[in-house]
Amino acid sequence: MTTPAVEVIGVSKSFRLPHQQTTTLKQHFLHPFSRTSYETQRALDDVSFAVPPGEFFGIIGPNGSGKSTLLKILGGIYRTDSGTVRIDGLLSPFIELGVGFNMELNARDNIRVNGTLLGLSRRQLDDRFDDIIGFAELERFVDQRLKNFSSGMLLRLAYSIAIQVEFDILLLDEVLAVGDESFQAKCFATFEAMREAGKTVIFVSHDLDAVERFCDRALLLRGGRMRAMGAPNEVIADYRDRVAAGSPS
Amino acid sequence: MATTAPAGPAGRLARRARLLHHLRILRVIAGVDFKLKYSGSALGYVWSVIKPLAIFTTLYLVFAKVFRLGEISQYYPLALLIGIVLYTFFTDATTLGMLSIVSRESLLRKMSFPRLIIPVSVTLGAAITFGVNLLVVTAFLAWNQIPPRLNWLLLVPLLLQFYVFTLGVSLILATLFVRFRDIGQVWELAAQLILYATPIIYPIGFLPEWARTIAFLSPLTQILQDVRAIVLYQDLAPNRITVADAFDSSAGRLLPLGITIGIFVVGLFIFRRQEPWFAERV
């Protein structure tokens, strides 16, 4: 048996959301015993799965079901409360429509920053720069600040960076959400190429047709819990039934 | 969560590659910070020299001319300038360092990398500005016909201590600022008080013995007085008041250095401890 590319064992994660968002020193010192009231939001509850290398693994579920939190834990951005995550291979994250751009900087500098963060050397950056900007079809806007970009342009740039770095495992969060038809077609072409190359992809999407078309397996999350896992068409049918039935969880 | 590097040559290679990767991140982040700081400003980098010079000129006119402190020593203007330049670096670096984590929220929420790179990057950026300001100080020294001497090399470890102290304070502030936003107000006030609590404008000799001892507990006072002693007062024993004059024992003399190391260690410790939660708390 091969080592899974991604292994998640019993992962739980809660967020403490203070009722009053601002914490000031005054509140802290004047009322040291009256703890600010927190609401504990359980984002993930005992989630376990393993993704073998080369698999396209889909994660579906309604808004607030814990999909993005799970990806952030896989990406090493959030720490788990309990449970273990094992990643075997180089990972490239594309989370919440992006890779952490600075809107005051132009596209060129953002590519430099994010490419470097994702492990490219200066030379690799120089070599791939044209590919990145070319795939995103943003040649004309390379020296424009990102604050003047549309959300579709930002998405194209972020996706282009995420797939041009070295990786074995790609985390994709809602990559099809704001792109137009032609960009979606391009994405689908890259999915095929990644499958050929044996890359592992964790694919979070509301586009159930795309999940059915590309994923080998799918996981349905609801309220932070695993509701179903298995063949995409069955998991999707399960999800659609629940939505149709109006079941709360 | 991250795969642990195996021991042996492969592990060493992996560590080396990781270090290189982190240094590349540091260079790129520092580079774009520099670009952002002066983007859209006509004078750009010149501002980093104008600022301390403008403060110096104002304080010089008020204290050297109006309060006549300039009459006590021909070195007063240079001593003041050195004090202002050091103080400007300290407050700029710590203020930027304090804000550094919170202001990079969007990056923190999407990318995993050692968060320590961020405060190191902004304080190094401030250190480059400080270096440029030191060139201006050197020009003033040359104007006053003070020749450089070999033991100016002692400035190197001294400035290193200064950076370590500044980074330590920045790490503490950056960590606290994620949780308590009014640290920003606190530090703005503290910076004002530090200007007067440190012998920048007035000579430390004006303080009574007991107050001098307290002043020298601050590494800022120790570093400032050491720099002045090395650069200005090599042949002027009466003007040379350093930490050695405030404490009789050698343990006492090492106190500011100990405080520097202590602040740095505490800063590093609390920063590393809180680091995993920055992404969800900023």
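Residues numbered from 1 in each chain as written. Chains lettered and ligands numbered in written order. Predicted model: local features only at pLDDT ≥ 70, side-chain atom pairs only at ≥ 80, totals over all residues.

For chain A, the helix and strand inventory stands at eight helices and nine strands. Expected size for 249 residues packed as a compact globule is a radius of gyration near 18 Å; at 20 Å, chain A falls within 12% of this value. By principal-axis analysis of the C-alpha atoms, chain A measures approximately 55 × 50 × 35 Å. Out of the 249 residues in chain A, the part that is buried amounts to 40%. (Helix = DSSP H or I, 4+ residues; strand = E, 2+ residues; numbered from the N terminus. Rg over C-alpha atoms; globule rule 2.2 N^0.38 Å. Buried ≥ 20, exposed ≤ 12 C-beta atoms within 10 Å, placed from the backbone.)

All names here are of chain A. One open sheet accounts for three strands, arranged E2-E1-E4; its pairing is antiparallel. Each edge of the open sheet carries a strand with a single partner, namely strand E2 (38–51) and strand E4 (82–87). Between one strand axis and the next, the sheet turns by 30 degrees as a mean value, whatever way the strands run. Bridge count between strand E1 (residues 6–18) and E4: five bridges; the pairing is antiparallel. (Pairing = 2+ DSSP bridges. Axes fitted to C-alpha atoms, helices over the stretch in contact; angles between N-to-C directions.)

Once that is clear, we can look at the sheet that holds strand E8 (residues 217–222) of chain A. Residue and element names in this part refer to chain A. If you walk across this open sheet you meet the six strands as E5-E6-E7-E3-E8-E9, and the pairing is mixed. Two strands close off the open sheet at either side, each with one partner strand: strand E5 (91–94) and strand E9 (225–230). Strand-to-strand twist across the sheet, computed as the mean angle between neighbouring axes with direction ignored, equals 15 degrees. Pairing between strand E6 (residues 169–173) and strand E7 (residues 200–204): five bridges, direction parallel. Note on E7: the bridge partner recorded for Leu172 is Phe203. Most of the contacts of helix H5 (residues 151–164) go to E5, to which it runs at about 175 degrees, and overall it touches E5 and E6. Along the sheet, helix H8 (residues 232–245) makes contact with strand E3 (56–60), E8 and E9, crossing E8 at roughly 25 degrees. (Contact = placed C-beta atoms within 7 Å.)

Now for the packing of helix H6 (residues 155–179) of chain B against helix H7 (residues 183–197) of chain B. Residues and elements named next belong to chain B. Where H6 meets H7, the axes come as close as 9 Å, and the angle between the chain directions of the two elements is 145 degrees. For the pair H6 and H7, the contacting residues are Leu173, Leu176 and Phe177 in the first and Ile183, Gly184 and Trp187 in the second. By residue class, the composition of the contact of H6 with H7 is five nonpolar, one polar and no charged. (Nonpolar A, V, L, I, M, F, W, Y, C, P; charged D, E, K, R; others polar.)

All names here are of chain B. The predicted model of chain B has a mean per-residue pLDDT of 91, with 96% of residues at 70 or higher. Here residues 1–6 is modelled with pLDDT under 50, and outside its nearest four sequence neighbours on either side it reaches nine contacts, counting other chains as well. For this predicted complex, the interface score ipTM comes out at 0.84, while the overall pTM is 0.89. (pLDDT = per-residue confidence, 0-100.)

Take the pairing of E1(A) next. Bridge count for E1(A) against E2(A) is 10 bridges, and the pairing is antiparallel. In the sheet register, A:Val6 faces E2(A), and the bridge partner there is A:Val51.

What follows concerns the environment of A:Phe101. As for its placement among the helices and strands, A:Phe101 is situated in the loop between E5 and helix H3 (107–117). C-alpha separation for the pair A:Phe101 and A:Lys147, spaced 46 residues apart in sequence, amounts to 9.8 Å. Discounting chain neighbours no more than four positions away, the residues touching A:Phe101 are A:Asn110, A:Leu146, A:Leu154, A:Ala158 and B:Ser106.

Our focus in this paragraph is the interface of chain B and chain A. Every contact between the two is made by 26 residues of chain B and, on the other side, 30 residues of chain A. Those elements that provide at least two residues to the side of chain B that touches chain A are helix H1 (9–38), helix H4 (105–108) and helix H13 (278–281) of chain B. Considering each element in turn, the side of chain B that touches chain A owes the most residues, eight residues, to H1(B). Along the lines of polarity and charge, the residues of the side of chain B that touches chain A split into 14 nonpolar, four polar and eight charged.

A:Ala158, A:Ile202 and A:Phe203 are the most contacted members of the largest nonpolar core, which totals 119 residues. No other element matches the 14 residues that helix H3 (residues 76–103) of chain B contributes to this core. Discounting chain neighbours no more than four positions away, the residues touching A:Ile202 are A:Val6, A:Val51, A:Phe57, A:Ile59, A:Leu71, A:Leu74, A:Leu171 and A:Leu172. Counting six residues, the second-largest nonpolar core is a separate cluster that includes B:Ala215, B:Ile241, B:Val243 and B:Ala246. (Core = buried A, V, L, I, M, F, W, Y, C linked by C-beta atoms within 7 Å.)

Below, the discussion takes up H5(A). Residues and elements named next belong to chain A. With 14 residues, H5 should cover 20 Å at 1.5 Å per step; its first-to-last C-alpha distance of 20 Å lies within 8% of that length. Where H5 is concerned, the buried positions are Met153, Leu154, Leu155, Arg156, Leu157, Ala158, Tyr159, Ser160, Ile161, Ala162, Ile163 and Gln164. The secondary structure elements touched by the buried residues of H5 are E5, H3, helix H4 (122–135), E6 and helix H6 (181–196). (Expected span 1.5 Å × (residues − 1).)

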